[in-house]
Amino acid sequence: MIWDGTVLRMLDQRVLPTQEEWLELKTYQDVVDAIKTMAVRGAPAIGVAAAYGLALAALHDADRTIASKELAASRPTAVNLFWAIDRINALPAWEFESVLSEAKAIEAEDLAMNHAIGRHGASLISAGANILTVCNTGSLATAGHGTALGVIRTAHSDGKGIHVYTCETRPRQQGLRLTAYELANEGIPFHSIADGVAASLMRAGKVDCVIAGADRIAANGDAANKIGTYSLAVQARHHGIPFYIAAPTSTFDVSLAHGDLIPIEERDGTELTHIEGVQIAPSRTPVYNPAFDVTPGELIDAIITEKGVHRPPFAF
Ligand code: MRU
């Protein structure tokens, strides 16, 4: 994401990795649209985008309350969105320069937090580890470096000789499209796998740990993340494999006592029935398409934040 004077430029994640197209967002409504349609996705990246969206709103003298409400309604689960909007709204004045400088601060802090997460998380990774991950938690999903992928990046640059299994992550395939794109660009050894392959790899002793990101973490450590994360945690526990969540503290929502209170987004069924606009299921197939699930804190061996490695029992 690049702030360019009066516009926000971002790589369109909907068409990666086959096309590298930069979007030019000129109004806050453009940012609302980009978040809704997942041109930008990933909890911290959504928060940063919303902050710049409010900078665009201030630049064009839009109503602060309306812009905040529309941005807040763009997606329901990732709490970073609301955290960033609240942070901008805590500014004393609705004035472009100060909103922009707060948005830039949010972005810079996220990058710094991810580097710290990477450093703390790498201490959990042994030499030659096979790490399984899901969805995309890398530079695209954050201000840079990444959360779970940040741990992987740091461990790789420390020379630990790691190898990654990245789950496809149906229906939107963030793992196959975006994580594979980032890993390949960095020369980190990996294999992409269909989501259903994970348990058999674990049984075969080919996974040393699982690391996922999060979209919202409740006070007791229950963590919402991309659909399928909970099954990975269940599988990891069954096979005695450590399961870690990596996220900045901006992903915590300590106002919620537990994960059942986290709103889970349901998306259009066409995400499942169609691939690249091509129908693959019978017409009118009824679909249940939750975008996230909640992994209970008791299945999480550690939550890695910029502050360090937190072990259960969790009480944030
Ligand atoms: O629906 P998405 O692609 O926005 O979901 C993203 C995830 O679930 C990520 O794992 C999460 O936001 C962490 S990103 C660092």
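Caption draft 1: Seen up close, helix 3 (residues 64-72). Those residues of helix 3 that fall on the buried side of the exposure criterion are Arg64, Ala67, Ser68 and Leu71. What you see down the axis of helix 3 is that its buried residues fit within an arc of 100 degrees, all on one side. Contact partners of the buried residues in helix 3: helix 1 (28-36), helix 2 (43-59) and helix 4 (79-89). Sitting at the head of helix 3, Asp63 places a side-chain oxygen 3.0 Å from the backbone nitrogen of Thr65.

Caption draft 2: Spatial organisation of the nonpolar core. Counting 37 residues, the largest nonpolar core has Trp3, Leu8, Met10, Val31, Ile35 and Leu71 as the members making the most contacts within it. For this core, the elements supplying multiple residues, two or more each, are strand 2 (7-11), strand 3 (22-25), helix 1, helix 2, helix 3, helix 4 and helix 5 (96-122). With twelve residues, helix 2 is the largest single contributor of residues to this core. Beyond its immediate stretch of four places on either side in the chain, Trp3 contacts Leu8, Tyr52, Ala55, Leu56, Phe96, Leu100 and Lys104. If you look at the next biggest cluster of nonpolar residues, it comprises 27 residues, including Leu201, Ala212, Phe243 and Phe252.

Caption draft 3: Structural context of the environment of Gly144. Along the chain, Gly144 turns up in the loop between strand 4 (130-133) and helix 6 (148-157). In sequence terms Gly144 and Asp195 are 51 residues apart; their C-alpha atoms lie 26 Å from each other.

Caption draft 4: Molecular detail of the site of the ligand. Close to the ligand lie 18 residues, the nearest being Arg41, Arg75, Asp215, Asn225 and Lys226. Arg41 has a polar side-chain atom sitting 2.8 Å from an oxygen atom of the ligand. For the ligand, whose unbound accessible area comes to 410 Å², protein coverage reaches 100%. Counting atoms within 2 Å of the grid points, the majority share of the ligand lands in the largest cavity. Secondary-structure elements contributing two or more residues to the shell around the ligand are helix 2 and strand 9 (223-226). Tallied by class, the residues present in the shell around the ligand amount to seven nonpolar, seven polar and four charged.

Caption draft 5: Layout of the layout of surface pockets. Here the largest pocket is characterised by a volume of approximately 370 Å³. Taken together, the elements giving at least two residues each to the lining of the largest pocket come down to helix 7 (174-186), helix 10 (270-273) and strand 12 (274-275). Taken together, domain 1 (2-113) and domain 2 (117-310) each give at least three residues to the lining of the largest pocket, which thus spans both. In this structure, the second largest pocket spans a volume of roughly 190 Å³. In terms of lining, the second largest pocket is formed by 14 residues, of which the most central are Met1, Gln13, Ser139, Leu140 and Thr142. Tallied by class, the residues present in the lining of the second largest pocket amount to nine nonpolar, four polar and one charged. Split by domain, the residues of the lining of the second largest pocket number at least three in each of domain 1 (2-113) and domain 2 (117-310).

Caption draft 6: Up close: helix 9 (residues 229-238). Of all the residues in helix 9, the buried ones are Thr229, Leu232, Ala233 and Ala236. For helix 9, the angular spread of the buried residues around the axis is 100 degrees, confining them to a single face. After helix 9 finishes, the residue Gly240 shows a positive phi value of roughly 70 degrees.

Caption draft 7: Up close: the domain arrangement of the chain. On domain assignment, one finds that the chain holds domain 1 (2-113) and domain 2 (117-310). Summarising the inter-unit geometry, the C-alpha centres of domain 1 and domain 2 are found 23 Å apart. Taken together, the contact pairs 27 residues of domain 1 with 33 residues of domain 2. Summing the contributions of domain 1 and of domain 2, the shared interface buries around 2,400 Å²; its carbon and sulfur component is 55%. Looking only at domain 1, the three residues that lose the most surface to domain 2 are Arg41, Thr77 and Met113, adding up to 27% of its buried area. Between the two partners, domain 1 and domain 2, sit one salt bridge. Residue Glu265 pairs with Arg75 through a salt bridge whose shortest N-O separation is 2.8 Å. Listing elements by their share of the side of domain 1 that touches domain 2, those giving two or more residues are helix 2, helix 4 and helix 5. In terms of residue class, the side of domain 1 that touches domain 2 is built from 15 nonpolar, five polar and seven charged.

Caption draft 8: Representation of the side chain of Thr137 within the structure. By the element assignment, Thr137 lies in the loop between strand 4 and helix 6. Looking at Thr137, its side chain comes within polar contact range of the main-chain nitrogen of Leu149, at 2.9 Å. Among residues more than four places away in sequence, those in contact with Thr137 are Thr142, Gly146, Thr147, Ala148, Leu149, Thr179 and Gly213.

Caption draft 9: Examining the sheet that holds strand 7 (residues 209-212) more closely. Here we have seven strands laid out as an open sheet, ordered 6-5-4-7-10-15-16, and mixed in their pairing. Two strands lie at the open edges of the sheet, namely strand 6 (190-193) and strand 16 (308-310), each paired on one side alone. For this sheet, the mean angle separating the axes of adjacent strands, direction not counted, is 25 degrees. In the sheet, strand 4 pairs with strand 5 (residues 163-167) via four bridges, with the strands oriented parallel. Paired with Leu132 across the two strands is Tyr165, which belongs to strand 5. Most of the contacts of helix 5 go to strand 15 (residues 302-305), to which it runs at about 140 degrees, and overall it touches strand 10 (243-246), strand 15 and strand 16. Along the sheet, helix 9 makes contact with strand 4, strand 5, strand 7 and strand 10, crossing strand 10 at roughly 145 degrees.

Reading guide: rules and limits
Residues numbered from 1 in each chain as written. Predicted model: local features only at pLDDT ≥ 70, side-chain atom pairs only at ≥ 80, totals over all residues. Heavy atoms only, no water. Buried < 20%, exposed > 50% of the residue type's maximum accessible area, 1.4 Å probe, protein only. Helix = DSSP H or I, 4+ residues; strand = E, 2+ residues; numbered from the N terminus. Arc of directions from axis to C-beta. Contact = heavy atoms within 4.5 Å. Polar contact = N/O pair within 3.5 Å; in protein donor to acceptor, adjacent residues only side chain to side chain. Core = buried A, V, L, I, M, F, W, Y, C linked by side-chain atoms within 4.5 Å. Near = heavy atom within 4 Å. Areas by Shrake-Rupley, 256 points an atom, 1.4 Å probe, with all protein chains shown as cover. 1 Å grid on protein atoms, 1.4 Å probe; cavity = no way out; pocket = protein on both sides within 12 Å on 5 of 7 lines; lining within 4 Å. Sits in = over half its atoms within 2 Å of the grid points. Nonpolar A, V, L, I, M, F, W, Y, C, P; charged D, E, K, R; others polar. Points joined across faces, edges and corners; volume = space filled by probe spheres on them. Domains from an automatic or database assignment. Buried area = accessible area lost by both parts, 1.4 Å probe. Salt bridge = Lys/Arg side-chain N within 4 Å of Asp/Glu carboxyl O. Pairing = 2+ DSSP bridges. Axes fitted to C-alpha atoms, helices over the stretch in contact; angles between N-to-C directions.

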